[in-house]
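The primary structure of each chain is shown beneath.
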Amino acid sequence: MVNEASKANKANDAIKVNEANSAAGRRPRGRVNFAKAAPKAFKALIGFDAAAREGLDPALVELVQIRSSQLNKCAYCLHMHTTDARKAGESEERLHMVAVWEEASHFFTPKEQAALALTEAVTLVAQGGVPDAVYQRAAAHFDEPELARLLALIFTINTWNRMALSTGKVAGTDER
């Protein structure tokens, strides 16, 4: 019983330290630094990400990454991609509208709307798959190689989101 109580106290202490680290903008203690621990996997993901972006409009790339990061509640990636979008000249007005793009569709081109719809469907795939209408809408705006790269981009940002969330990355501490 004493051993169980001791383990519980240590677990509670670890939670308090992790909460304090998070509040101070530091990675929670005990979380893996994925890039250092699995460099081949990390480099492979960087290569996949670069290949996915090739030939896609950089503004569209950021919109997709922002929307996926919002849906996945990844503050680290959301901060990174909104910062990148601003540096690339994206307006504050459009950045504020990404979360409600369907309601504010006039802020986005039909091609961007199709990409955002596909981003939502793929990111939330467990909630109903990728409806044919969403896929066909994207296919109407992207040729087959572009559509494949857009899908790959959505896959990579979802992987980056999961990596950042799982390893305790803290928003505002861009580690690129």
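Residues numbered from 1 in each chain as written. Predicted model: local features only at pLDDT ≥ 70, side-chain atom pairs only at ≥ 80, totals over all residues. Heavy atoms only, no water.

S.K.: Kindly report on the overall build of the protein chain, identifying the contributing residues and their values.
M.R.: Along the protein chain, the regular secondary structure elements total nine helices and zero strands. For the protein chain, the α and β elements follow one another from N to C terminus as α-α-α-α-α-α-α-α-α. Residue burial in the protein chain is summarised as follows: out of 176 residues, 36% are buried. Within the protein chain, contacts between residues at least 6 apart in sequence are counted, and of these 66% link residues at least 24 apart. Of the roughly 10,100 Å² that the protein chain leaves accessible, carbon and sulfur atoms contribute 57%. (Helix = DSSP H or I, 4+ residues; strand = E, 2+ residues; numbered from the N terminus. Buried < 20%, exposed > 50% of the residue type's maximum accessible area, 1.4 Å probe, protein only. Contact = heavy atoms within 4.5 Å. Areas by Shrake-Rupley, 256 points an atom, 1.4 Å probe, with all protein chains shown as cover.)

S.K.: Go over the nonpolar core with me, naming the residues and quoting the values.
M.R.: Ranked by size, the top nonpolar core spans 27 residues in total, and within it Val64, Leu118, Leu150 and Leu153 carry the most contacts. At the level of elements, helix 4 (58-71), helix 7 (110-123), helix 8 (132-139) and helix 9 (144-167) are the ones that each hand at least two residues to this core. In contact with leucine 150, not counting residues within four places along its chain, are Leu56, Val64, Ala115, Leu118 and Phe142. (Core = buried A, V, L, I, M, F, W, Y, C linked by side-chain atoms within 4.5 Å.)

S.K.: Could you give an account of helix 3 (residues 39-53), with specific residues and numbers?
M.R.: With 15 residues, helix 3 should cover 21 Å at 1.5 Å per step; its first-to-last C-alpha distance of 21 Å lies within 8% of that length. Those residues of helix 3 hidden inside the fold are in contact with helix 4 and helix 9. Two residues or fewer after helix 3 comes glycine 55, characterised by a positive phi angle close to 85°. (Expected span 1.5 Å × (residues − 1).)

S.K.: Describe the pattern of salt bridges, naming the residues involved and giving the relevant values.
M.R.: In this structure the tally under the stated criterion is six salt bridges. We note a salt bridge from arginine 86 to glutamate 92, for which the minimum N-O separation is 2.4 Å. Classification of arginine 86 by relative accessible area gives partly exposed; the value is 39%. In this structure, the salt-bridge partner of arginine 94 is glutamate 90, at a minimum N-O distance of 2.6 Å. Overall, arginine 94 belongs to the buried group, its relative accessible area being 15%. In the salt-bridge network here, residues are joined through shared partners; they are Glu90, Arg94 and Glu112. (Salt bridge = Lys/Arg side-chain N within 4 Å of Asp/Glu carboxyl O.)

S.K.: Pulling in residues and values, what's your account of the packing of aromatic side chains?
M.R.: Applying the stated criterion across every chain yields a total of one aromatic pair. Arranged with centres 5.5 Å apart and planes meeting at 75°, the rings of phenylalanine 42 and tryptophan 160 form a pair that is edge-to-face. With phenylalanine 42 in helix 3 and tryptophan 160 in helix 9, this pair connects stretches of sequence that are 118 residues apart. The exposure class of phenylalanine 42 is partly exposed, given its relative accessible area of 22%. (Phe/Tyr/Trp six-rings, centres within 6.5 Å; stacked < 30°, edge-to-face > 60°.)

S.K.: Describe the confidence of the model for the protein chain, naming the residues involved and giving the relevant values.
M.R.: Per-chain confidence: the protein chain averages 88 in pLDDT, with 82% of residues scoring 70 or above. Confidence over residues 6-15 falls short of pLDDT 50; this stretch has zero contacts with residues more than four positions distant or in other chains. (pLDDT = per-residue confidence, 0-100.)

S.K.: Would you mind going over the environment of alanine 88 in detail, with residue names and values included?
M.R.: Relative to the assigned elements, alanine 88 resides in the loop between helix 5 (75-87) and helix 6 (92-97). Note on alanine 88: relative accessible area 65%, which makes it exposed. On a C-alpha basis, the gap between alanine 88 and alanine 59 in space is 7.5 Å, while along the polypeptide they are 29 residues apart.

S.K.: Go over unusual backbone geometry, please, and point to the residues and values.
M.R.: Unusually for a residue other than glycine, lysine 73 sits at a positive phi of about 55°. Tracing the backbone shows lysine 73 in the loop between helix 4 and helix 5. On the accessibility criterion, lysine 73 (71% relative accessible area) is exposed.

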